Amino acid sequence: LNRMIEIATDNTITGVFSIWRKIIQTALYKEYIAKDITLMIKPPKSHKMPHFKVNKVTDRETILKMEELCSVHMRSKHDKEIVPLLLEFLYLTGCRICEALALNRSDIKKDTICISKEIGSSLEDKMVIRMCKTELSVREIPLTGGIKEVIDKACSLHNNDTIFSAEDGSF
């Protein structure tokens, strides 16, 4: 635990301190010790800054850049249209790509998108639709105006049941 503090960000110091506090409280409860020494300790603030930088761009600039990259690097007209929509959908919903590629029209309800399956592989099969691995992965995402527009545009590009499919229906 103490080695984790070497990172010295506020989050790691606070996290390690809270774990030590729980250990001490358990020791008090079991009567291994008589006094809670964590009450006397004030966790120090970190002196190091995290090693990441945030590039501030607006949502619209990000989406326009994605569209520009797709128009340059995609070959087929369909791909040039569907891939930016997929990227915008991922950006707006926070879905994983394996979940978005498994979405079909029946997963879109009146007010929500039901995420219950994903694209995956096993030893026998590659790129198959399967149920999500964990219970927490199964969820509903609110269907906001921006997300609905993206889905409607994607569905208008083809007649396949899968929303973000290739022209031939594959993903």
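Up top is the structure.
Residues numbered from 1 in each chain as written. Predicted model: local features only at pLDDT ≥ 70, side-chain atom pairs only at ≥ 80, totals over all residues. Heavy atoms only, no water.

## Regarding unusual backbone geometry
- Non-glycine residue M127 carries a positive phi angle of around 50°.
- Note that M127 resides in the loop between strand 2 (117-120) and strand 3 (128-131). (Helix = DSSP H or I, 4+ residues; strand = E, 2+ residues; numbered from the N terminus.)

## Description of a nonpolar patch on the surface
- The grouping of I19, W20 and I23 at the surface amounts to a nonpolar patch, some 240 Å² of accessible area in total.
- Looking at the secondary structure, you find W20 in helix 1 (residues 10-29). (Patch = residues over 30% accessible without salt bridge, like charges linked within 9 Å, V, L, I, M, F, W, Y side chains within 5 Å. Areas by Shrake-Rupley, 256 points an atom, 1.4 Å probe, with all protein chains shown as cover. Salt bridge = Lys/Arg side-chain N within 4 Å of Asp/Glu carboxyl O.)

## Considering the pattern of salt bridges
- Under the criterion given, the structure shown has six salt bridges.
- Across the salt bridge formed by R139 and E99, the nearest N and O atoms sit 2.7 Å from each other. Of this pair, R139 sits in strand 4 (residues 139-142) while E99 sits in helix 4 (residues 97-102), placing them 40 residues apart in sequence.
- Note on E99: relative accessible area 1%, which makes it buried. (Buried < 20%, exposed > 50% of the residue type's maximum accessible area, 1.4 Å probe, protein only.)

## Focus on the nonpolar core
- If you look at the biggest cluster of nonpolar residues, it comprises 24 residues, and the most contacted ones within it are F89, I113, I151, I163 and F164.
- When residues of this core are traced back to their parent elements, those giving at least two are helix 3 (77-93), helix 4, strand 1 (112-115) and helix 5 (145-156).
- Looking at this core element by element, the count peaks at six residues for helix 3.
- Residues contacting F89, with those up to four places away along its chain left out, are G94, C95, A100, L103, I113, I147, V150, I151 and F164. (Core = buried A, V, L, I, M, F, W, Y, C linked by side-chain atoms within 4.5 Å. Contact = heavy atoms within 4.5 Å.)

## Some thoughts on the state of the cysteines
- This model, assessed by the stated rule, comprises zero disulfides.
- With no disulfide of its own, C95 lies closest to C98 among cysteine sulfurs, the gap being 9.1 Å.
- Free of any disulfide, C98 has its nearest neighbouring cysteine sulfur in C132, separated by 7.3 Å. (Disulfide = S-S within 2.5 Å.)

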